[in-house]
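So you can see what is in the structure, the chains are spelled out below.
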Number of protein chains: 2
Amino acid sequence: LIRTYNLALAGFGNVGKEFVRLMLAKRQLLRTQYGIDWKLTGLASRTLGWCADPAGFDASALLEAPGGSPQPGTRVAGLQDWLSKSQASVLFEATSINRETGQPAIDHLRAALEAGAHAISANKGPVVHAYHALRELAAARGRQFLFESAVMDGVPVFSLFPGGLPAVELRGFRGLLNSTSNVVLTEMENGLSFDDAVKKAQQIGVAETDPSNDLEGWDAAVKVTALAIVLMDATLKLGEVERTGIRNLTAEQVRAARAEGKRYKLVCRARKTPAGGVLASVGPELLPLSDPLALLEGATSALQFDLDVFGLSIIEHKPGVVATAYGLLADFIRAVKA
Amino acid sequence: LIRTYNLALAGFGNVGKEFVRLMLAKRQLLRTQYGIDWKLTGLASRTLGWCADPAGFDASALLEAPGGSPQPGTRVAGLQDWLSKSQASVLFEATSINRETGQPAIDHLRAALEAGAHAISANKGPVVHAYHALRELAAARGRQFLFESAVMDGVPVFSLFPGGLPAVELRGFRGLLNSTSNVVLTEMENGLSFDDAVKKAQQIGVAETDPSNDLEGWDAAVKVTALAIVLMDATLKLGEVERTGIRNLTAEQVRAARAEGKRYKLVCRARKTPAGGVLASVGPELLPLSDPLALLEGATSALQFDLDVFGLSIIEHKPGVVATAYGLLADFIRAVKA
């Protein structure tokens, strides 16, 4: 027995497009292994506006169209109309993050849950700014609010707890969570200046046009906050993360460290305090090469959890955008099979 | 609402005792977070025989008793009597492995499932020799057959699939899974002869009195087989794993490699073949220091999964016996909350 779900996708950039591509590639497997099929009945982006068609868009054609434009005549007035005309069972939120407010992603997810759809986010903003409210709303409506892609793409860092690791005590964690900083530091070790290393990271598609979000540690701080809120039950706010970026490191410092058998890495940390709170920080640290984190190159990211029963590290090796898209797909399966 | 489960434990060595200790330490948390309580109503070992008391043994007293002996008058005739008199809801199998047959652990688990109990094994033998049969029996009885502790202790390598990683293709994996070999190689790098390195590993409690199971690659081969059968749906037999131990490596070879910036590690591998089978091997490999596996010291173990959506490594840092005991406890929660 196959059940078909109507999907609504907000955001049709790299992640949104790769998600549609992956859903097409995995369609047969979803049918045979999970009894799931899907139609893309809602699509929204800044360029396209709000488009809905309960019959379903031609997903392959959308990917091939230069502007990714759905058929004309499918535009609706706004979020509410979009959810209702698309008859969405699941909303996928893949717009860009607004780190100060988490909007408009929070509004998208809230409206979806209120309309009776599952709410799945690759966007970190809603986790940092509205985790408890969205989780409670989802529970009240009998739907799922999931966000595995928000940190380390589709690597199951959120899904590990509590199912994979029930009844453990998570005392803290540290890790490398910002690809741009890691690429820039490696390129500086290899001889480039800070500015040229940033350009290189932009050329290979890791850094954004405005890389300050990464280089000032904001991206990493957002991820630490999301992890601490969800996994450590912290009431942490983004502004409470002690944050230093890599801008003030000179190429000379970075190369001198390397010559001494050490490496600078932008390390994220969170730790329970004796008072019951959580202290979190992001900043460059000088690591000896014997530290497993020191070895990680390029876009590779890692988290090392300090549990009461063992130490556990999870490493994501050189991920592409498909890794983020996969997190959305995995959350879809988890949501409808819960 | 608290539900109390009767537990029967086969094997009261290091793992069995640590399991009871951990269950006592986590008792309050199990009650408040999961609504679970427990009584140890069955205990069996070569020394103690089959002991059952439906009122429950005094678990703390068992740990303090020199021989860990339950009250006299609780001995019963054998496995069937033991399961029925203990009224067990869950069997924990923590006896030593018989790698040729998987017995008597398979009989314990089968009898438990047939008696309507969940069957939880820290023993790898039943996974290698009877995975499909025990899984089918469990499904037919509406019970769980779980074995997270069989590889990498309580680290959720089995539990990750499929819940944490639904719809992925696992093309293969490699890893370091034998602590003794890793400790011996490190000690040889540090200047000891092969024999002295083995003695050192025995002194620190990593290697057994007869370390040949580890040094000849059998322990690692058993783990690779279990992983391939469960995660890759392989019909692999233990004898089909291409297996070389570390016995033929000399201290000179190991130190010369280190001097050249490389390290010998006992590497486990499994890979899907184009024909649809799985090829598996265990053997010493010369790894460059840039390989994350090369850095792992001592009892640390690791698995690197080759998935179609990203590369994923999981590292267990310097585990103690509590890590194995935790796997049994986590399986208990998963079984009764499934």
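Everything below is about the structure printed above this text.
These numbers come from a predicted model, not from an experiment. (Residues numbered from 1 in each chain as written. Chains lettered and ligands numbered in written order. Predicted model: local features only at pLDDT ≥ 70, side-chain atom pairs only at ≥ 80, totals over all residues. Heavy atoms only, no water.)

**Some details on the interface of chain A and chain B**
As a reminder, the rule being used: By the convention used here, residues are in contact when the closest approach between their heavy atoms is within 4.5 Å. Here the quantity called buried area is the total loss of accessible area, with a 1.4 Å probe, experienced by two parts when brought into contact, counted for both. The term salt bridge refers to a pairing of a side-chain nitrogen on Lys or Arg with a carboxyl oxygen on Asp or Glu at a separation within 4 Å.
Across the boundary between the two partners, chain A contributes 38 residues, which contact 38 residues of chain B. Summed over both partners, the interface of chain A with chain B comes to about 3,000 Å²; 66% of that surface belongs to carbon and sulfur atoms. Taken together, the links from chain A to chain B amount to two salt bridges. In this structure, A:Asp308 engages B:Lys26 in a salt bridge whose closest nitrogen and oxygen atoms are separated by 2.6 Å.

**Quick word on helix α12 (residues 251-259) of chain B**
Residue and element names in this part refer to chain B. Put simply, the test is: Relative accessibility under 20% of the residue-type maximum defines a buried residue, over 50% an exposed one, and the middle range a partly exposed one, all with a 1.4 Å probe and only protein chains included. Only DSSP runs of H or I with at least four residues qualify as helices, and only runs of E with at least two residues qualify as strands; both kinds are numbered from the N terminus onward. The reported arc concerns the directions from the helix axis to the C-beta atoms and nothing else.
Those residues of α12 lying buried are Ala251, Val254 and Ala257. With its buried residues spanning 130° around the axis, α12 presents them on a single face. Exposed residues on α12 whose side chains face more than 90 degrees from its buried face are Glu252 and Ala259. Considering only its buried residues, α12 is in contact with α8 (179-189), β9 (262-272) and β10 (278-288). The first or second residue beyond α12 is Gly261, which carries a positive phi of 80°.

**A look at the sheet that holds strand β5 (residues 118-121) of chain A**
All names here are of chain A. For clarity, the threshold we go by: Pairing between strands is defined by DSSP: at least two bridges between them are needed.
Across the sheet, six strands lie side by side as β3-β2-β1-β4-β5-β6; this open sheet has mixed pairing. The open sheet is flanked by β3 (49-52) and β6 (145-146), the only strands paired with a single partner. In this sheet, β3 lies alongside strand β2 (residues 36-45) in antiparallel orientation, the contact comprising four bridges. By the bridge assignment for β3, Ser45 is matched with Gly49.

**Structural notes on the relation of the copies chain A and chain B**
As a reminder of what qualifies: Superposition of the copies was done by least squares, using only C-alpha atoms of residues whose pLDDT is at least 70 in both.
Each copy of the sequence occupies a distinct position, and chain A is placed on chain B by a rotation of 180° and an axial shift of 0.0 Å, giving an RMSD of 0.0 Å. Here the two chains are linked by the operation of a two-fold rotation axis. Nearest to the rotation axis, the C-alpha of A:Ile314 is located 2.4 Å from it, this being the minimum over chain A. Looking at the interface residues of chain A, 100% of them are also at the interface in chain B, so both copies use one shared face.

**Focus: the side chain of A:Asn123**
All names here are of chain A. Rules: The term polar contact refers here to a pair of N or O atoms within 3.5 Å; inside protein, the definition further demands a hydrogen-donor-capable atom paired with an acceptor-capable atom, and it admits residues adjacent in sequence only when both atoms are side-chain atoms.
By secondary structure assignment, the location of Asn123 is in the loop between β5 and α6 (125-141). Engagement of the side chain of Asn123 in a polar contact is seen with the side chain of Glu93, the distance being 3.5 Å. A polar contact is formed between the side chain of Asn123 and the backbone oxygen of Thr95, at a distance of 3.1 Å. Discounting chain neighbours no more than four positions away, the residues touching Asn123 are Glu93, Thr95, Ser96, Ile97, Ala105 and Ala150.

**Looking at empty space enclosed by the protein**
Threshold: With a 1 Å grid laid over protein atoms only, a set of points is called a cavity when a 1.4 Å probe fits there but cannot get out and a pocket when it is open yet has protein on both sides within 12 Å along at least five of seven lines; lining residues have an atom within 4 Å of a point. Grid points are joined across faces, edges and corners, and a volume is the space filled by probe spheres set on the points. Residue polarity follows a fixed list, in which Ala, Val, Leu, Ile, Met, Phe, Trp, Tyr, Cys and Pro are nonpolar, Asp, Glu, Lys and Arg are charged, and the others, Gly among them, are polar.
Scanning all chains against the criterion turns up five cavities of 30 Å³ or more. Of the volumes computed, that of the largest cavity is approximately 60 Å³. Of the residues belonging to the lining of the largest cavity, the class tally is seven nonpolar, no polar and no charged. Empty space within the second largest cavity amounts to approximately 50 Å³. Taken together, A:Ile315, B:Pro292, B:Leu293, B:Leu296, B:Ala302, B:Gln304, B:Ser313 and B:Ile315 make up the lining of the second largest cavity. Among the secondary structure elements, those contributing two or more residues to the lining of the second largest cavity are β11 (301-307) and β12 (311-317) of chain B. The class makeup of the residues in the lining of the second largest cavity is six nonpolar, two polar and no charged.

Purely geometric numbers; function is a separate question.
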